[in-house]
Amino acid sequence: MRLIIERSQEDRSYQESFELSLKRVTTLLQAFYEIKSELDATFTFDAGCKSGVCGACAVRVNGREELACAYQPKDGDRVEALKYHKILRDLKVQKREAHSTLKRIIPPAKSLKSKAISPKEEVKFRIQSDCILCDSCYSVCPVLAVNPNFLAPFALSRAWRYIQDPRVEADKKTKLSYLQQDAIWDCTLCGECTAVCPQGLDPKNDIMQLRGESLKAGFDDPNFSTQNFGVPDFSGGFGF
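Note that the structure is a prediction, hence the values are computed from the model and not measured.

Now for the environment of alanine 183. Structurally, alanine 183 is set in the loop between helix H6 (172–177) and helix H7 (192–196). Alanine 183 gets classed as buried once you look at its relative accessible area, which sits at 0%. For the pair formed by alanine 183 and leucine 156, sequence separation is 27 residues and the distance between their alpha carbons is 7.5 Å. When sequence neighbours within four positions are dropped, the list of residues in contact with alanine 183 reads Arg104, Phe150, Leu151 and Leu156.

Next comes the structure, spelled out in structure tokens:
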């Protein structure tokens, strides 16, 4: 089996092919370890739990975000680092900047009430709590290609989680006020973030929910005034 790896070392980017034995490789992550131990000790990647829980091993395979520990490699697969991240070396990226977006939506500790909540309340934000911060949704998001300040899809899902949590004392409008710029209205609702999430989260739906709550709270959709609803333009006269 042949893997094509997009490598980056010492300010130099290049493609390299590796031939691997199918008998010794069942996941892409195992292929990475095989390359490092048997073919090239300088090959660099990130990994953690090896069980699809930590999200450290996320990469792009044939242009699609995957967890290396869960993906079954095929002959000719092309592997590269996540997009919109600083590449430290080969497939290892710096995620600190992407994760810093969480600072805009995580409520301060003083606003959290220590109280029990019912299972009925908890189920409202249970799925959003399953995010493993693998950054797959961040890498696939087309908005970041034109607006690097866009709040990451995983951060917006986390925002919806805090909106739903009754233990956060801040009123809903205050919570939503942080999401009006470079956030919910900039999203194209393409659904790519939902498609690549290995945990089955639905950031697109969470963003739609945040938009709906924002409108109910009195915020305006800045895109509304620029939308074309098919009304004829008579500015040039009727042509009689």
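Let's pick the thread back up.
Strand order across the open sheet formed by 5 strands is E2-E1-E5-E3-E4, with mixed pairing between neighbours. The open sheet has two edge strands, strand E2 (12–19) and strand E4 (64–67), and neither has a second partner. Strand after strand, the sheet turns through a mean of 35° between neighbouring axes, direction not considered. Note: strand E1 (residues 2–9) against E2, 8 bridges, orientation antiparallel. By the bridge assignment, isoleucine 5 is partnered in E2 with glutamate 16.

Definitions and cut-offs
Residues numbered from 1 in each chain as written. Predicted model: local features only at pLDDT ≥ 70, side-chain atom pairs only at ≥ 80, totals over all residues. Heavy atoms only, no water. Helix = DSSP H or I, 4+ residues; strand = E, 2+ residues; numbered from the N terminus. Buried < 20%, exposed > 50% of the residue type's maximum accessible area, 1.4 Å probe, protein only. Contact = heavy atoms within 4.5 Å. Pairing = 2+ DSSP bridges. Axes fitted to C-alpha atoms, helices over the stretch in contact; angles between N-to-C directions.

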